[in-house]
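Working through the structure, step by step
Spelled out, the chains give:
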Amino acid sequence: MIEIPIDFDELLPFNRITALKIVDVADNFKAQCLVRSQRGEINIKSILGVMSLKPDNGNHLFISGIDEREASEALLALFNNLKNA
């Protein structure tokens, strides 16, 4: 399992297009991809889950599965690209 603290509060709330990009990248992998915070856990392979994310200083990306390293690298690259856009 890979756990990565992640700060995407400035990107929230995600619009439909951004949420679809995130879900599309996560869906390319077999690994389970979650965002956990004090508020709970969100599956980022779910469009409704991604669109329901709220700003929280304690967000962590949890990725677990056979291709977890590749999934984490792809998702972090996407989040970095979204921040720099």
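Residues numbered from 1 in each chain as written. Predicted model: local features only at pLDDT ≥ 70, side-chain atom pairs only at ≥ 80, totals over all residues. Heavy atoms only, no water.

Thoughts on the pairing of strand 2 (residues 32–37)
Bridge analysis of strand 2 against strand 4 (residues 60–64) gives five bridges, and the strand direction is antiparallel. Bridge pairing in strand 4 places C33 opposite I63. Sheet analysis places strand 2 next to strand 3 (residues 40–43), joined by four bridges and oriented antiparallel. Residue pairing in the sheet places S37 in a bridge with G40 of strand 3. (Pairing = 2+ DSSP bridges. Helix = DSSP H or I, 4+ residues; strand = E, 2+ residues; numbered from the N terminus.)

Looking at the side chain of S72
Within the fold, S72 resides in helix 3 (residues 68–84). By relative accessible area, S72 is classed as buried at 5%. The contact partners of S72, leaving out residues within four places of it in the chain, are I2, I4 and I63. (Buried < 20%, exposed > 50% of the residue type's maximum accessible area, 1.4 Å probe, protein only. Contact = heavy atoms within 4.5 Å.)

Regarding helix 3
At 3.6 residues per turn, the α-helix brings residues three or four places apart onto the same side. For helix 3, with 17 residues, the first-to-last C-alpha span of 24 Å sits near the 24 Å given by 1.5 Å per residue. Along helix 3, the residues classified as buried are E68, A71, S72, L75, L78, F79 and L82. When helix 3 is viewed along its axis, its buried side chains cluster within an angular range of 130° and face the same direction. Every exposed residue of helix 3 that faces more than 90 degrees away from the buried side is listed here: R69, N81 and N84. Those residues of helix 3 hidden inside the fold are in contact with strand 1 (2–5), helix 1 (16–27), strand 2 and strand 4. (Expected span 1.5 Å × (residues − 1). Arc of directions from axis to C-beta.)

Describing the packing of aromatic side chains
Where two aromatic rings form a pair, the distance of their centres and the angle of their planes describe that pair. In total, this model carries two aromatic pairs according to the counting rule given. Here F8 and F14 contribute two aromatic rings whose centre-to-centre distance is 5.6 Å and whose plane-to-plane angle is 50°, an arrangement assigned as tilted. There is no split in this pair, since F8 and F14 are both buried. Their ring planes at 25° and their centres at 5.2 Å tell us that F8 and F79 sit as a pair that is stacked. Taken as a pair, F8 in the loop between strand 1 and helix 1 and F79 in helix 3 lie far apart in primary sequence, 71 residues in all. Side by side, F8 and F79 carry an identical accessibility label, which is buried. Taken together through their ring pairs, the aromatic side chains of F8, F14 and F79 make up a single cluster. The cationic tip of R36 hangs over the ring face of F62; the distance from NZ or CZ to the ring centre is 4.2 Å. (Phe/Tyr/Trp six-rings, centres within 6.5 Å; stacked < 30°, edge-to-face > 60°. Lys NZ or Arg CZ within 6 Å of the ring centre and 35° of its normal.)

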